[in-house]
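What follows is each chain in one-letter form.
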Amino acid sequence: MSETDAIPEFSKSKAGGGGGVGVSNMSALAGGPGIKSVGEALAIILTAVIVIGGAEILLSAFGVPQYVMPKPSEIGRAFVTDFHFILPHLGHTLVELLSGFAIGASIGLILAAVVTQFPFAEKIIAPYILLLVTTPMLALVPLLILRFGFGYTPRIIAVALAAGPMVMINSATGFRRVDQGKIALARSYGASTLQIFWKIRAPMALPMILVGLMIGAIFGLLTAVGAEMVGGGFGLGNRLTSYSSMIQMPQFFAVVLILSVLGILIYILFFLIGKKWASWEA
Amino acid sequence: MGGAQQAKLEVRKASKVYKTGSGDLLALDRCSLAIKSGEIVSIVGPSGSGKTTLLWSMSGLHGLTGGDVLLDGKPITGPSPEIGMVFQDANLLPWRDVDANINFPFEIKGQTPDRDWIARLMHRVGLDGFGKRFPRELSGGMQQRVALVRALSFKPSVLLMDEPFGALDSFTREEMNHLVEEIYLDTRTTIVLITHSIEEAIFLSDRVIVMSPRPGRIAGEYAVPFPRPRSMEIMATREVFDLTNIIKREIVGEQKSKARLVSAPVDPVGQHAAL
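Reference entry: report on the structure contained in this document. The structure displayed is predicted, hence computed values, not measured ones.

So, how was this worked out
- Residues numbered from 1 in each chain as written.
- Chains lettered and ligands numbered in written order.
- Predicted model: local features only at pLDDT ≥ 70, side-chain atom pairs only at ≥ 80, totals over all residues.
- Heavy atoms only, no water.
- Salt bridge = Lys/Arg side-chain N within 4 Å of Asp/Glu carboxyl O.
- Helix = DSSP H or I, 4+ residues; strand = E, 2+ residues; numbered from the N terminus.
- Buried < 20%, exposed > 50% of the residue type's maximum accessible area, 1.4 Å probe, protein only.
- Pairing = 2+ DSSP bridges.
- Axes fitted to C-alpha atoms, helices over the stretch in contact; angles between N-to-C directions.
- Contact = heavy atoms within 4.5 Å.
- Left-handed = near helix turned anticlockwise from the far one by under 90°.
- Nonpolar A, V, L, I, M, F, W, Y, C, P; charged D, E, K, R; others polar.
- 1 Å grid on protein atoms, 1.4 Å probe; cavity = no way out; pocket = protein on both sides within 12 Å on 5 of 7 lines; lining within 4 Å.
- Points joined across faces, edges and corners; volume = space filled by probe spheres on them.
- Polar contact = N/O pair within 3.5 Å; in protein donor to acceptor, adjacent residues only side chain to side chain.

1. Quick notes on the pattern of salt bridges
Residues and elements named next belong to chain B.
Inference 1: Per the counting criterion, the structure on display carries 21 salt bridges over all chains.
Inference 2: The salt bridge involving D97 is made with K132; its shortest N-O contact spans 3.9 Å. Linking D97 in the loop between β6 (83–86) and α2 (98–109) with K132 in the loop between α3 (115–124) and α4 (140–152), this pair joins segments that are 35 residues apart in sequence.
Inference 3: A residue is classified by how much of its surface remains accessible, and K132, at 62% relative accessible area, is exposed.
Inference 4: With a closest N to O distance of 3.5 Å, R238 and D242 form a salt bridge. Here D242 and R238 lie together in helix α8 (residues 238–260), a separation of four residues that amounts to about one turn.

And the structure:
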């Protein structure tokens, strides 16, 4: 390209202008969620200390009995002393959650990908999916227990039934976001239907798929714990009913704490996946 | 067109009917057009004059209801590797960085990209060092540069551009016009360009085709005989001013005469060749 040298100013001004744009965008990127400075971190920690410490002081000052609301220090102690006992139950809940979610999410994802390719089939199937989304799957647990007993099976089925439709409905929204321009682009290079699916439709749907997976996982956790509360001798839900019936409130709240942490971990996991793979859609 | 030379791209009596809720819409009515190898042809005209339909049928993306399109004398039935396309917006894939966007055609075709050629194109459009940036980090003009590199990356012999710079501000647009001409002088790629800007059409083209709406027809054709490389000084000359006005009048006149149901006079090709 001999002409290139003839227009150095033109090229240079372009690169410079672009640099400016890039820098302004980089600073915009840093403005996302996350801790930005030491001061901010301190403020967050300080708030937590005030909330927890305040609860501790108020509960002692008013002499609130332990069976109504245990003090944070009591919950903390129960957490440490009983953790070895709660841990296997946490394992059971995780097995139910992970296997139920894997089954439900896979079916939901595949159904969404297939059904959105055929608008007519989608119209037929949509009301049933909506029914599955809006019906609390917990309602089916007694029936499932009757049929499958007190083991993992009814719980895994319940988790799959709760997570699947959530994944399906959100992913379907993603797959339906068809950008004809981008499909035309792929077709102009001779892309096959399969290539268009993997290289255009799937990446475009990914942000919505991740939302569906996150909601599905959280609904799955709720359903797993709920199913454990309905029947069976293990799992975190079973611990909740058992501790509350024995009025062991510090232990009860220790389990609640574990469940909260689980929920937050699910959120953080999908947030990080989204940041890595779907950050293009800010 | 004529002569012994075979047209690079030839449209023969192209018609296109769109089925709509309120009946059939004749978007393109027996349009014929021949484009020589290494020629830049612009298509201008009001909305609904079938410009985009005509261009997309040349790309093989949309079929025709009647007539056909020939590339090097052979009918086009689908997308061809000989044809590169630049779309209205840059149409980059936002989840891919610049390098991966440029690599996209090769992934689809299962070919290995010519790295040297792409590096030269990137240098030419002033995108050195921007390979790892994502589209959202780039300005509209830079995105369209990436789209240009992507379209040229597999060395097509024809470049079709569908209002490529319509969304850019007028300064960026002028820069992009210079860039297209530079690339053209370098590669001599045959270019067909749809634009709403008569100035852009005149600056870039060897010929400007004016289309009229409802149904989409070719209403006139104007030769633009200025030597290349063209400068912005040429754009300020009397000749360009006159030509711009003639084309403008053709477009407006077409619409007015349509309203009066009177057929508009068509300027013969090459009337302004003496400019």
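Let's pick the thread back up.
2. Side note on the sheet that holds strand β10 (residues 217–223) of chain B
Residue and element names in this part refer to chain B.
Inference 1: Across the sheet, six strands lie side by side as β6-β7-β8-β3-β9-β10; this open sheet has mixed pairing. Two strands lie at the open edges of the sheet, namely β6 and β10, each paired on one side alone. Direction aside, neighbouring strands of the sheet carry axes that sit 20° apart on average.
Inference 2: Two elements, strand β3 (residues 40–44) and strand β8 (residues 190–194), share four bridges in a ladder whose sense is parallel. Paired with I43 across the strands is I194, a residue of β8.
Inference 3: Here helix α1 (residues 51–59) sits on the sheet and contacts β3, β6, β7 (158–162), β8 and β9 (207–212); the angle it forms with β7, its principal contact strand, is near 150°.

3. What about the packing of helix α4 (residues 72–115) of chain A against helix α7 (residues 152–176) of chain A?
All names here are of chain A.
Inference 1: Look at α4 against α7: their axes get within 6 Å of each other, and the N-to-C directions meet at 35°. The element α4 and its partner α7 pack so that their crossing is right-handed.
Inference 2: Its residues assigned to classes, the contact of α4 with α7 comprises 18 nonpolar, seven polar and two charged.

4. Let's talk about the layout of surface pockets
Residues and elements named next belong to chain A.
Inference 1: Space inside the second largest pocket adds up to approximately 240 Å³.
Inference 2: Along its surface, the second largest pocket is lined by I52, A55, L59, M69, P70, K71, P72, I75, F253, V256 and L257.
Inference 3: Residue assignment for the lining of the second largest pocket shows that the elements contributing at least two residues are α3 (38–61), α4 and α11 (249–277).
Inference 4: Of the residues assigned to the lining of the second largest pocket, the class counts are ten nonpolar, no polar and one charged.

5. Things to note about the side chain of B:S157
All names here are of chain B.
Inference 1: Locating S157 in the fold gives a position in the loop between α4 and β7.
Inference 2: A polar side-chain atom of S157 sits 3.1 Å from a polar atom in the side chain of K8.
Inference 3: Apart from the residues lying within four places of it in its own chain, the contact partners of S157 are K8, E82, T189 and T190.

6. Re α2(B)
Inference 1: Within the sequence span of α2(B), burial applies to B:V98, B:N101, B:I102, B:F104, B:P105, B:F106 and B:I108.
Inference 2: Structurally, α2(B) contributes buried residues whose contacts are with α8 (180–188) and α9 (193–230) of chain A together with α3 and α4 of chain B.
Inference 3: Positive backbone phi, approximately 65°, marks B:G110, located one or two places after α2(B).

7. A look at the packing of α4(A) against α9(A)
Residue and element names in this part refer to chain A.
Inference 1: Running from N to C, α4 and α9 point in directions that differ by 145°, and their axes come no closer than 9 Å. Viewed along their axes, α4 and α9 form a crossing whose handedness is right-handed. Every residue of α9 that contacts α4 at T93, E96, L97, F101, A105, L109 and A113 is listed here: F197, I209, L213, G216, A217, G220, L221, A224, V225 and E228.
Inference 2: Grouping the amino acids of the contact of α4 with α9 by side-chain chemistry returns twelve nonpolar, three polar and two charged.

8. Focus on unusual backbone geometry
All names here are of chain B.
Inference 1: Cis rather than trans, the peptide bond between R214 and P215 has omega equal to -10°.
Inference 2: One can find P215 in the loop between β9 and β10.
Inference 3: A cis amide bond, omega -5°, links R228 with the succeeding residue P229.
Inference 4: Residues other than glycine seldom take positive phi values, yet N91 does so here, at roughly 60°.
Inference 5: Taking relative accessible area as the criterion, N91 reaches 4% and is therefore assigned buried.
Inference 6: Its identity as a non-glycine residue notwithstanding, K155 has a phi of 50°, on the positive side.
Inference 7: With respect to the helices, strands and loops of the structure, K155 is situated in the loop between α4 and β7.
Inference 8: Overall, the relative accessible area of 49% leaves K155 in the partly exposed class.

Geometric values such as these leave the question of function open.
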